[in-house]
Amino acid sequence: MKTTIFKISAFILLLALVVAGCEKDDEQILEISPASKTAVIQKEVDGIEFKFCLLNEKGEPATVFKEGENFTFFFSFKNNLADSIIVSPEFINNDFFRVFKLNENNLLDTGKPWTGVWCYYSGEPHEFIVQSSKTKSLQCPWVLSATNMPDYPLCISESKDYLSKGEFFTTLSLNFSYSFDDKLITIKNKEFKINFKFN
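Predicted model only: the values in this text are computed from it and were never measured.

## Some words on the overall build of the protein chain
Alright, step 1. Check the secondary structure of the protein chain and you find one helix and 14 strands.
Alright, step 2. For the protein chain, with 199 residues in total, the buried portion stands at 38%.
Alright, step 3. Here the analysis covers contacts within the protein chain between residues at least 6 apart in sequence; of these, 66% occur between residues at least 24 apart.
Alright, step 4. Carbon together with sulfur atoms contributes 51% to the accessible area of the protein chain, which is approximately 11800 Å² in total.

## Examining the state of the cysteines
Alright, step 1. Under the criterion given, the structure shown has one disulfide.
Alright, step 2. Not engaged in a disulfide, the cysteine Cys 140 finds its nearest cysteine sulfur in Cys 155; these two sulfurs lie 9.0 Å apart.
Alright, step 3. For Cys 140, a relative accessible area of 0% translates into the label buried.

## Re the sheet that holds strand β2 (residues 40-45)
Alright, step 1. Read across the open sheet, the four strands follow the order β2-β3-β5-β11; overall the sheet is antiparallel. Here the strands that pair on one side only, and so sit at the sheet edges, are β2 and β11 (135-141). Neighbour-to-neighbour, the strand axes of this sheet turn through a mean angle of 10°, independent of strand direction.
Alright, step 2. In the sheet, strand β5 (residues 72-79) pairs with β11 via seven bridges, with the strands oriented antiparallel. Note that in β11 the partner of Phe 74 across the bridge is Gln 139.

## A short note on the pairing of strand β7 (residues 99-103)
Alright, step 1. In this sheet, strand β8 (residues 106-111) lies alongside β7 in antiparallel orientation, the contact comprising five bridges. Bridging from a neighbouring strand, Asn 103 pairs with Asn 106 of β8.
Alright, step 2. Linking β7 back to β8 in an antiparallel pair, the connection comprises two residues, with Glu 104 at a positive phi of about 55°.
Alright, step 3. As paired elements, β7 and strand β13 (residues 166-180) share four bridges and run antiparallel to each other. What sits directly across from Phe 100, in β13, is Phe 169.

The rules behind the values
- Residues numbered from 1 in each chain as written.
- Predicted model: local features only at pLDDT ≥ 70, side-chain atom pairs only at ≥ 80, totals over all residues.
- Heavy atoms only, no water.
- Helix = DSSP H or I, 4+ residues; strand = E, 2+ residues; numbered from the N terminus.
- Buried < 20%, exposed > 50% of the residue type's maximum accessible area, 1.4 Å probe, protein only.
- Contact = heavy atoms within 4.5 Å.
- Areas by Shrake-Rupley, 256 points an atom, 1.4 Å probe, with all protein chains shown as cover.
- Disulfide = S-S within 2.5 Å.
- Pairing = 2+ DSSP bridges.
- Axes fitted to C-alpha atoms, helices over the stretch in contact; angles between N-to-C directions.

Laid out in C-alpha cells, this is it:
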C-alpha cells in the first residue's frame, strides 16, 4: 500500500514539474499582434523591467499602420534594483530592430533602420550606466527625418524606404548582461516578438 501511494505521489510530483517547466518555456517568448489587447510588451526579469513596442507618428504604441506611415522602434530597460547597474551594449546585435515581411509562405528580410552604433565621437563610455529607479530607452525611426532621429548610440547613415502593405514582424532575442557590486548577471533566452501590419 505504501509503495502504491509513493508511486502515485512521485507521479503527481513529476507531472507538476513538467507542467511548471512548460509554463516557464511559454514565458520565454512574449508575443503581441494586431489582435492583442495591448500594443506593448512589458516584462520584469531579475530586477530589470523591459519594454518593447512600435510607435506611430503620434508617438503612440501601435501594431497597425497606414501605408506610407513612418513608425519608430521603442525599447527600454528600467533598473528596479536598489543599486546602480552597468549594462553591456552587446544586446544591440545585428538583428536588433530587424523587420521581416510575411510574403506568402516565405519571409523577406527588409533590414533594420539603424546602420551603426557609437558612430559619433563622444567622451561617454561605451556602456550604459543606469541609476536605481531610472530608465534607459532606445528609439529609432524606420524612416529618418529632421524631426525623428535615433537615440544615441544608434545612428543612421542612410534612410530606409517606407514599408508597403502587408504583414510584418520584428523580434528581440535578449542576451542582456549587467553588473553591480562586482556581480555579473546575464538574462538569456527571452524573446520579444511584435507582429504588425500596414494597411
